[in-house]
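Given next are the chains, with one letter for each unit.
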Amino acid sequence: MPDRDRPLKIVLIDASPERAAIMEQGLRDAGHTTIMRITDHVNLLARIYAIDPDVILIDLENPSRDVLEQMFQVSRAVRRPVGMFVDQSDSASIEAAIDAGVSAYVVDGLKRERVQPILATTISRFRAFAKLRAELEQAKSQLEERKTVDRAKGILMRAKKIDEDEAYALLRKAAMNEKKKIVEIAQSVITAAELLG
Amino acid sequence: MSLDPVKIGFIPLVDAAIPIIAADVGFAAEEGIALELVREVSWANIRDRLTLGHFDGAHLLAPIAIATTLGLATVKVPLAAPLALGLNGNAVTMSPPLFEAIRRHMAPGARMADPRATGAAFKAVVEERRRNGDEPPTLGMTFPFSTHNYQLRLWLAAAGVEPDEDVRLAVVPPPFMVDALENAHVEGFCVGAPWNSVAVEYKLGRILHLGVELVRRCPEKVLAVRAHWLAQNPELAARLVRACVRAADWLDEPNNREEAARRLAAPNRLDVHAHIIQRALDGRLATGDGDEARISDSYILFGGDGATRPDHRHARWLHAQMVRWRQAADDPAGAELAAASYRADVYDAALGRAAPPEEDDPLGVFTD
């Protein structure tokens, strides 16, 4: 059967189930149907050999990446040799993948035209996930900051018998004078109150 | 004065001590370097990030630096090792049942610290299992291109155990090693500090051999940089070498061990209990076999015994292991490239020292 007619078996190794789900959806949208997810590291190599995939995608936060490197070795256990997907001339693709936080291992002899779109999908999904995570982190830290400022306002309101707007104005003025962020001033107020309290 | 930034990737192991101490005790800053350390989770990541230029330098398994220079199982990028990050530090640990099986097969009067005797006993265990129709033992090591792989193979082959036929050798990332032993995915392993002691601490493993019992002066990690980077930044590289050598000398001072263990134990460094790290620094390792402690003043070498000077004969030996185990072609040009990547000339020039006379046996392999 010609290489292009055979459906590719893809294994996703990702410690993050959320990201793995996003990845799998992306690959399914691109027409791939045989996708297996592995989220733990138990007996990894034996499981991969049992699946006998064409393409393995692994996130770079995963120590098991070194386990996959064993697939390059000459061994009776390996039925099909696995090579790096990208050849020497294609370092831009490697760089893009590593930058996005993912690495790919592909069985030797698989046509480059078949692998490129898979990697492109992977890279774009990894980037999208990283962006999502960064936004979530930012939202979380903004929420934390607001809580800190609210606590500091409360302390000032009680100590100085002022209202909320006046308390906020005090924090803002101190921040301007000291060239600091309001949240930093708020944290100092809380720390001071705890020490004096 | 502004400091020159240098970014180095490391794996959380005791033998990352030299760059960690250089950064955290101030030796790098004294040389005008802002040394940023980035903790990584896999050797493959470190290798790729070094070759792509995300890192200026790396705490890297010496065989990976050579394999990358030769383009074995990875994209070929010439690397250089202007400094060895010490020598030794590995140990071979077995599960308590396998340890006991080996002991039962020891020749009368033979010592457990004698690798010929334990190898023969291990061979007997393997043969007994085969007769009984049992699975061969699986032993863990950290990477195909690693001294852990070669030390295990050396021990096995010397006893007539064929590493690719009679046992299974499996890559297990060091942080998963103890877990793999607990779940019986491996029955033993060769790994660096602190993981052998962690296995002993949890009573999951017993140390059979310190690495020094197999190879007295074994190359382990190097400070690897791209050869191109070294050519572009000779003066910065020299300062980096000096900072690391100072850190290595500081690590050799017994009075500094407690502080060293504490600094290495930090959450952003190894994130392992200081008292376990200290065992490696002291060269006094509880084996888990009763109250026995195996003691060696060269269990892990930092500054002493010329351990930081990259010795081209170590590179040649590592290349010979790759050839022996069919990772590299038997090509004299490959051996020369490997040897040339060990840059003792850069090391000597950085320290303003003349090349020392070469000792007769730079390795001390137990079979020689």
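Each value, and the rule that gives it
Residues numbered from 1 in each chain as written. Chains lettered and ligands numbered in written order. Predicted model: local features only at pLDDT ≥ 70, side-chain atom pairs only at ≥ 80, totals over all residues. Heavy atoms only, no water. Helix = DSSP H or I, 4+ residues; strand = E, 2+ residues; numbered from the N terminus. Buried < 20%, exposed > 50% of the residue type's maximum accessible area, 1.4 Å probe, protein only. Contact = heavy atoms within 4.5 Å. Areas by Shrake-Rupley, 256 points an atom, 1.4 Å probe, with all protein chains shown as cover. Buried area = accessible area lost by both parts, 1.4 Å probe. Salt bridge = Lys/Arg side-chain N within 4 Å of Asp/Glu carboxyl O. Core = buried A, V, L, I, M, F, W, Y, C linked by side-chain atoms within 4.5 Å. Expected span 1.5 Å × (residues − 1). Arc of directions from axis to C-beta. Lys, Arg positive; Asp, Glu negative; His and termini not counted. pLDDT = per-residue confidence, 0-100. Domains from an automatic or database assignment. Polar contact = N/O pair within 3.5 Å; in protein donor to acceptor, adjacent residues only side chain to side chain. Nonpolar A, V, L, I, M, F, W, Y, C, P; charged D, E, K, R; others polar.

Examining the overall build of chain A
Consideration 1: Scanning chain A from terminus to terminus reveals 7 helices and 5 strands.
Consideration 2: For chain A, the sequential pattern of α-helices and β-strands runs β-α-β-α-β-α-β-α-β-α-α-α.
Consideration 3: Residues counted as buried form 44% of the 197 residues belonging to chain A.
Consideration 4: Taking as baseline every contact in chain A between residues at least 6 positions apart, the subset at least 24 positions apart corresponds to 66%.
Consideration 5: Only carbon and sulfur atoms are counted for the fraction: they give 54% of the accessible area of chain A, which is about 11100 Å².

Quick look at the interface of chain B and chain A
Consideration 1: The interface is formed by 29 residues belonging to chain B together with 23 residues belonging to chain A.
Consideration 2: Regarding the contact of chain B and chain A, the summed buried area is about 2400 Å², with carbon and sulfur atoms giving 56% of it.
Consideration 3: Three residues stand out in chain B for area buried against chain A, namely Leu52(B), Val75(B) and Phe176(B), and they jointly supply 21% of the buried area on that side.
Consideration 4: Our count for the contact surface shared by chain B and chain A stands at 2 salt bridges.
Consideration 5: A salt bridge links Glu69(A) to Arg47(B), with the nearest nitrogen and oxygen atoms 2.9 Å apart.

A closer look at the nonpolar core
Consideration 1: Residues Val14(B), Leu60(B), Met94(B), Ile102(B) and Phe122(B) are the most contacted members of the largest nonpolar core, which totals 154 residues.
Consideration 2: Per-element tally for this core: the top contributor is helix α12 (residues 234-252) of chain B, with 12 residues.
Consideration 3: Apart from the residues within four sequence positions on either side, Ile102(B) is in contact with Met94(B), Met112(B), Thr118(B), Ala121(B), Phe122(B), Val125(B) and Leu208(B).
Consideration 4: By size, the runner-up hydrophobic cluster in this structure holds 20 residues, among which are Met23(A), Ala100(A), Ala104(A) and Val115(A).

Comments concerning helix α7 (residues 182-196) of chain A
Three or four residues apart is the spacing at which side chains of an α-helix point the same way, because the helix has 3.6 residues per turn.
All names here are of chain A.
Consideration 1: When the terminal C-alpha atoms of α7 are compared, their 21 Å separation across 15 residues agrees well with the 21 Å that a helix rising 1.5 Å per residue should span.
Consideration 2: Of all the positions in α7, only Ile 182, Val 183, Ile 185, Ala 186, Val 189 and Ile 190 are classed as buried. Taken around the axis of α7, the buried residues stretch over an arc of 160 degrees, which confines them to a single face. Relative to its buried face, α7 has exposed residues pointing more than 90 degrees away, namely Glu 194 and Leu 195.
Consideration 3: Among the structural elements, α5 (112-160) and α6 (164-178) are those in contact with the buried residues of α7.

Considerations on the pattern of salt bridges
Consideration 1: With the rule as written, the count across this model stands at 47 salt bridges over all chains.
Consideration 2: Put simply, Asp14(A) and Arg19(A) hold a salt bridge, and the shortest N to O gap is 2.7 Å.
Consideration 3: A relative accessible area of 5% places Arg19(A) in the buried class.
Consideration 4: The residue Arg65(A) makes a salt bridge to Asp48(B) at a minimum N-O spacing of 2.5 Å. Of this pair, Arg65(A) sits in helix α3 (residues 65-69) while Asp48(B) is found in helix α3 (residues 43-52), placing the two residues in two different chains.
Consideration 5: Sharing partners across several salt bridges, the network here consists of Asp14(A), Arg19(A), Asp59(A), Glu61(A) and Arg133(A).

Describing unusual backbone geometry
Excluding glycine, residues mostly carry a negative phi; peptide bonds, for their part, are mostly trans.
Consideration 1: That bond from Ala193(B) to Pro194(B) is cis: its omega, 10 degrees, falls within 30 degrees of zero.
Consideration 2: Structurally, the position occupied by Pro194(B) is in the loop between β9 (188-192) and α9 (195-201).
Consideration 3: With a phi close to 55 degrees, Lys179(A) is a non-glycine residue in the positive phi region.
Consideration 4: Tracing the chain through its elements places Lys179(A) in the loop between α6 and α7.

Points about the side chain of Asp66(A)
Consideration 1: Along the chain, the position of Asp66(A) falls in helix α3.
Consideration 2: This buried residue, Asp66(A), is left without a salt bridge; Arg65(A) holds the nearest opposite charge, at 6.2 Å.
Consideration 3: Not counting the four nearest positions on each side in its chain, Asp66(A) is found in contact with Ser42(B), Trp43(B), Ala44(B), Thr142(B), Phe143(B) and Val171(B).

A closer look at the confidence of the model for chain B
Consideration 1: Taken residue by residue, chain B gives an average pLDDT of 96. The fraction at 70 or more is 100%.
Consideration 2: Interface scoring of the predicted complex returns ipTM 0.91; its pTM is 0.88.

Re the domain arrangement of chain B
Residues and elements named next belong to chain B.
Consideration 1: The domains assigned to chain B are domain 1 (4-87 + 219-281 + 304-351) and domain 2 (90-214).
Consideration 2: Taken over C-alpha atoms, the centre of domain 1 sits 27 Å from the centre of domain 2.
Consideration 3: Between domain 1 and domain 2, the contact holds 28 residues from the first and 24 residues from the second.
Consideration 4: Counting each side, the surface lost to burial between domain 1 and domain 2 is near 2100 Å², with a carbon and sulfur contribution of 68%.
Consideration 5: Contact with domain 2 buries surface across domain 1, with Ile 276, Trp 325 and Gln 327 losing the most and accounting together for 26% of the total.
Consideration 6: A salt bridge links Asp 164 to Arg 326, with the nearest nitrogen and oxygen atoms 3.5 Å apart.
Consideration 7: Counting the contacts that link domain 1 with domain 2 gives 9 residue pairs in polar contact (both at pLDDT 80 or more).
Consideration 8: Contributions of two or more residues to the side of domain 1 that touches domain 2 are made by α3, α4 (62-70), α14 (274-282) and α15 (312-324).
Consideration 9: Looking at the side of domain 1 that touches domain 2 residue by residue, the classes come out as 19 nonpolar, 3 polar and 6 charged.

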